[in-house]
There are 2 protein chains.
Amino acid sequence: MDKSATMQTADPELMRAINRFHVLDTLRRFEPISRVEIGARTRLARATVSAIVSDLIAEGLVREGLADEVAEGTGPAAGRGRPRIMLRMNPQAAHVVGIKLSLHQIAILVTNLKAEVLLSLVLPVRTERIAPEVIADLLEDGVRNSVAKAGLRLGDILGIGIGVPGFIDHGAGVVTWSPIFGRAMPAFARMVGDRLGVPTIMENDVNLVTLAERWFGQGQDIDDFMVVTVEHGVGMGLFLNGELYRGHHGLGAEFGHVKLGLDGPRCRCGQTGCIEAHAADYAILREAARIIELPDVTDAFAAHQAIAEVTRLALEGDERLAALFTRAGAALGLGIANLCNVLNPARVIVSGAGTRAGSLLLDPLRATMETNLISALQGRIDVLVEPWGDDVWARGAASLVLEGIYRAPWSRVDRPKALIGA
Amino acid sequence: MDKSATMQTADPELMRAINRFHVLDTLRRFEPISRVEIGARTRLARATVSAIVSDLIAEGLVREGLADEVAEGTGPAAGRGRPRIMLRMNPQAAHVVGIKLSLHQIAILVTNLKAEVLLSLVLPVRTERIAPEVIADLLEDGVRNSVAKAGLRLGDILGIGIGVPGFIDHGAGVVTWSPIFGRAMPAFARMVGDRLGVPTIMENDVNLVTLAERWFGQGQDIDDFMVVTVEHGVGMGLFLNGELYRGHHGLGAEFGHVKLGLDGPRCRCGQTGCIEAHAADYAILREAARIIELPDVTDAFAAHQAIAEVTRLALEGDERLAALFTRAGAALGLGIANLCNVLNPARVIVSGAGTRAGSLLLDPLRATMETNLISALQGRIDVLVEPWGDDVWARGAASLVLEGIYRAPWSRVDRPKALIGA
């Protein structure tokens, strides 16, 4: 639907919300910062800044303190030898829980307002063979336990964000399909939220990493970037024109099923030539099994161990196995170059367990990408690697909740989307 | 750069601008409409609506009149037998000029506030062999002549929008590269504007068609759509999250240079496997010359005539030539499907002279696209054809100026972009 139909009209409340966002955002990005500097950066009147800051202090979101060093008197705002009152975010003002459901494990994190991890818990569980109600039970116990260990009570938790692979209808907040559930699971977020009495939201896992990069990572300074994740599957998150891009049907960026030509290897989705069929873990294992003897990889645990072993052998010098990563990197590089030619992002961030292969994967990725960019873009799009860890995903899930605090009042995140299948 | 750094903070002026946008936008979309209905749709107070409408009437943008038929008394707003005062946009309140520069011609249009064409002029000129100053001279004469013939004076013209193929840095408003100039032409818009004393802006031609679809065409009701144009080259315009998407470097969507695999036919850009090398006019002519005898196609006129002739023969039943369009359609369909898998638009609009081939091109396009969409998207993305005419482009150029009148005050169109080469 047309966005203008859902935008709120202006009223004094919206004005205050806009100004509050600007003050909070300026604080978050430039702390420690004085009231005068906030006024200069936001171009808000001194009285307006003071009133908003007073509110933020009263809410506990912001704290006052002296500048670490006495100002040197070089700027107009720096009184000679007079210590300035500086403002900082109070990272302990709010806490959230981030959860990432994978096929082979559940990761739970407790973070503060700045997505700094206070406590993490990883449960090695093959989620796909467990009933959703049991997964919800495990999450309940895991969250209760983690929150207590972090020295907090459930009442201190502002919200829970859950990341899952699959299709999430963000507007309706439901799982349309996930490999973990094998079907639609519209009630899962409520199932977890009800058990804990804490507001709970779900999102596609790669979108969460993208949000985390935006709020706390390598996408803080730019409006247009893409995140590519390589592991069981190949995922993508898009941040375009300053917003997470979710698409018309909310189906996310199915980069893994972009086809490199009309022929090619068969993908587990049933089609052929998909990038996943070249570059995902399962594709590499399929080829590796023709080269070395591998244990049966019929479940998520075995696959996880097998790809780690194949990666280790390739890194140690097995050239036939290394060639599989070269091929995977080239497939990713071509796919990324094609999208860059269309979307012209400032940056590409590569993450996921697949980055364990390091330059074996990333060198051919970068080389093939560069060759296939239009000449005007060659040498101008950074490829950065987000070092991989279980907490990257869960930190993203925490970002989903934190976004509610930081979010600009004009953002369209809540805009209704067409329901899947509607 | 981060969008929040450039958003204006809220003040009463911004509030008024936001409310004015909502009233104007509601008027444009639902006219004829009463003040009460505007209030109901915008949720603005009656007094606010009345004040804004009074301003719009004073500015000549809006006109009052009686409802065409007496209201039937079915709604709360319809007084029994009492004629309502209805409001309409006044299409004659503003006039603009749209210009499209092509390799083989210059099209000039005069339109009103609703992009309705009052007068059009097409100059058959091979622009690439003429100096930019001479093109500017031709535009000056053409615009003066067209405006006079439309019964207007230059002072009545709010602005001139010029569409050119190539790379346009929209933030700086300069042509970074265009096949017409063969180089950067930073001063061209000013060159034209100075000759006529009318504000003049430039934009990539496909972006203009996209804007025209948004404001006046088949994209009015949706926030996410893509436009594909097929002629000398293959172009793309993206409307994402309710905004024209220009990318970080402002290079537009170079869909024509997306590669279908690591091999493939050579493209005029010097790379291989580009969609253009499969589907653009020059690619079809290259293959057609192996099948039938064609006159030399060394310039834009000859190419224009040759592709028309090849299309005619294929439509009349030459199966070998028809196969070239099948191949082109399949290449476009695969490229579009791949992008749809990532961007998940609601609609794809195909335009450009290439659509003359009709179902010869469009049937294989649709079939290949459908086959290569992820299953969750199959059957859910419309492919519409925008009937082709010289005025589609120029109407888009007019939209660029009209956008300034209609544009939402929170839009980020003016956000500075990195300069090319910077």
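The shown structure was predicted, so the numbers you read here are calculated from the model rather than taken from an experiment.

### Regarding the overall build of chain A
A count of helices and strands for chain A gives 12 helices and 14 strands. When the 422 residues of chain A are sorted by exposure, 60% land in the buried category. The contacts of chain A with a sequence gap of at least 6 include a subset with a gap of at least 24, amounting to 63%.

### Considerations on the sheet that holds strand E5 (residues 117–123) of chain A
Note: strands within a sheet are paired through backbone hydrogen bonds, in either parallel or antiparallel orientation. Residue and element names in this part refer to chain A. A sheet is described by the order of its strands in space; here five strands give the open sequence E5-E4-E3-E6-E9, paired in mixed fashion. Each of the sheet's edge strands pairs with one partner strand only, and the pair in question is E5 and strand E9 (200–204). Geometrically, the sheet is characterised by an average inter-axis angle of 20° between neighbouring strands, direction not taken into account. Where strand E4 (residues 106–112) meets E5, six bridges bridge the pair, whose relative direction is antiparallel. When the sheet's bridge partners are listed, Ile 106 is paired in E5 with Leu 123.

### Concerning the pattern of salt bridges
Residue and element names in this part refer to chain A. Scanning the entire structure with this criterion turns up 38 salt bridges over all chains. Ionic pairing is found between Arg 28 and Asp 25, a salt bridge with its closest N-O pair at 3.4 Å. Taken together, the positions of Arg 28 and Asp 25, both in helix H1 (residues 12–30) and three residues apart, correspond to about one turn of that helix. There is no split in this pair, since Arg 28 and Asp 25 are both buried.

### Regarding the sheet that holds strand E10 (residues 225–230) of chain A
Residue and element names in this part refer to chain A. Spatially, E12-E11-E10-E13-E14 is the arrangement adopted by the five strands of the open sheet, whose pairing is mixed. Edge strands, defined here as strands with exactly one partner in the open sheet, are strand E12 (243–244) and strand E14 (382–385). Where strand E11 (residues 234–240) meets E12, two bridges bridge the pair, whose relative direction is antiparallel. Within the sheet, the bridge partner assigned to Leu 240 lies in E12 and is Glu 243. Where helix H6 (residues 205–216) meets the sheet, it contacts E10, E11, E12 and strand E13 (347–351), and its direction lies at approximately 45° from that of E11. Sitting on the sheet, helix H11 (residues 359–372) is in contact with E13 and E14, with an inclination near 165° to E14.

### Focus: the packing of helix H9 (residues 281–288) of chain B against helix H10 (residues 300–315) of chain B
Residue and element names in this part refer to chain B. Remark: H9 packs on H10, axes separated minimally by 10 Å, with the N-to-C direction vectors making an angle of 65°. For the element pair H9 / H10, the angle class is roughly perpendicular. Along this stretch, H9 crosses H10, giving a crossing that reads as left-handed. Across from Asp 281, Ile 284, Leu 285 and Ala 288 in H9, the residues of H10 making contact are Ala 303, Ala 306, Ile 307 and Val 310. Residues of the contact of H9 with H10, tallied by class, amount to seven nonpolar, no polar and one charged.

### Describing the environment of Glu 203 of chain A
Residues and elements named next belong to chain A. By the secondary structure assignment, Glu 203 is in strand E9. Considered as a pair, Glu 203 and Ala 314 are 111 residues apart in the sequence and their alpha carbons are 34 Å apart. If we ignore the near neighbours within four places in the chain, the residues touching Glu 203 are Ile 162, Gly 163, Val 164, Ile 168, His 170, Leu 208, Leu 244, Arg 246 and Leu 400.

### Things to note about the packing of H10 of chain B against helix H11 (residues 319–343) of chain B
Residue and element names in this part refer to chain B. Orientation of H10 relative to H11, taken along the N-to-C sense of each, is 110°, at an axis distance of 7 Å. The angle between the axes of H10 and H11 places the two elements in the roughly perpendicular class. Two secondary-structure elements touch here, H10 through Val 310, Thr 311, Leu 313 and Ala 314 and H11 through Leu 321, Ala 322 and Phe 325. Of the residues belonging to the contact of H10 with H11, the class tally is six nonpolar, one polar and no charged.

### Remarks on the nonpolar core
Core analysis: the biggest nonpolar cluster contains 113 residues, and Leu 238, Phe 255 and Leu 343 of chain A together with Leu 238, Phe 255, Leu 343 and Val 348 of chain B have the highest contact counts within it. With sequence-adjacent residues up to four places away left out, Val 348 of chain B is seen in contact with Met 226, Val 228, Ile 336, Cys 340, Met 369, Ile 381, Asp 382, Val 383 and Leu 384 of chain B.

### Describing the pairing of strand E3 (residues 95–101) of chain B
If a strand is regular, its side chains alternate between the two faces of the sheet. All names here are of chain B. Burial within E3 is extensive, with seven of its seven residues counted as buried. Covered by surrounding structure in E3 are His 95, Val 97, Ile 99 and Leu 101 together with Val 96, Gly 98 and Lys 100, the residues of both alternating faces. When E3 meets strand E4 (residues 106–112), the two strands line up antiparallel, connected through seven bridges. Residue Lys 100 lies in a different strand from E4, and its bridge partner there is Ala 107. Here E3 folds back onto E4, and the loop between the two strands holds four residues. Sheet analysis places E3 next to strand E6 (residues 157–164), joined by five bridges and oriented parallel. Counted as the bridge partner of His 95 is Ile 157 from E6.

### Quick look at the side chain of Thr 311 of chain B
All names here are of chain B. Inspection of the secondary structure assignment puts Thr 311 in helix H10. For Thr 311, a relative accessible area of 5% gives the class buried. Once residues lying within four places of it in the same chain are set aside, the contact partners of Thr 311 are Phe 325, Arg 356 and Ala 357.

### A word on the packing of aromatic side chains
Taken as a whole, this structure holds six aromatic pairs over all chains when the rule is applied. Note on Phe 167 of chain B and Trp 177 of chain B: the rings are 6.2 Å apart at their centroids and 50° apart in plane angle, and the pair reads as tilted. A residue pair is termed long-range when its members are at least 10 positions apart, and Phe 167 of chain B in strand E7 (residues 167–169) and Trp 177 of chain B in strand E8 (residues 174–177) qualify at 10 residues. Here the basic side chain of Arg 41 of chain A rests over the ring of Phe 30 of chain A, its NZ or CZ set 3.7 Å away from the ring centre.

### Let's talk about the confidence of the model for chain A
Residues and elements named next belong to chain A. Averaged over chain A, the pLDDT score is 84; the fraction of residues at 70 or greater is 87%. Per-residue pLDDT stays below 50 along residues 1–7; that stretch engages in 26 contacts with residues further than four places along the chain or on separate chains. A low-confidence stretch, residues 70–75 (pLDDT under 50), is modelled with seven contacts involving residues beyond four sequence positions or located in other chains. Reported confidence for the predicted complex is 0.81 by ipTM and 0.83 by pTM.

Parameters and conventions
- Residues numbered from 1 in each chain as written.
- Chains lettered and ligands numbered in written order.
- Predicted model: local features only at pLDDT ≥ 70, side-chain atom pairs only at ≥ 80, totals over all residues.
- Heavy atoms only, no water.
- Helix = DSSP H or I, 4+ residues; strand = E, 2+ residues; numbered from the N terminus.
- Buried < 20%, exposed > 50% of the residue type's maximum accessible area, 1.4 Å probe, protein only.
- Contact = heavy atoms within 4.5 Å.
- Pairing = 2+ DSSP bridges.
- Axes fitted to C-alpha atoms, helices over the stretch in contact; angles between N-to-C directions.
- Salt bridge = Lys/Arg side-chain N within 4 Å of Asp/Glu carboxyl O.
- Parallel < 35°, antiparallel > 145°, perpendicular 65-115°, else oblique.
- Left-handed = near helix turned anticlockwise from the far one by under 90°.
- Nonpolar A, V, L, I, M, F, W, Y, C, P; charged D, E, K, R; others polar.
- Core = buried A, V, L, I, M, F, W, Y, C linked by side-chain atoms within 4.5 Å.
- Phe/Tyr/Trp six-rings, centres within 6.5 Å; stacked < 30°, edge-to-face > 60°.
- Lys NZ or Arg CZ within 6 Å of the ring centre and 35° of its normal.
- pLDDT = per-residue confidence, 0-100.

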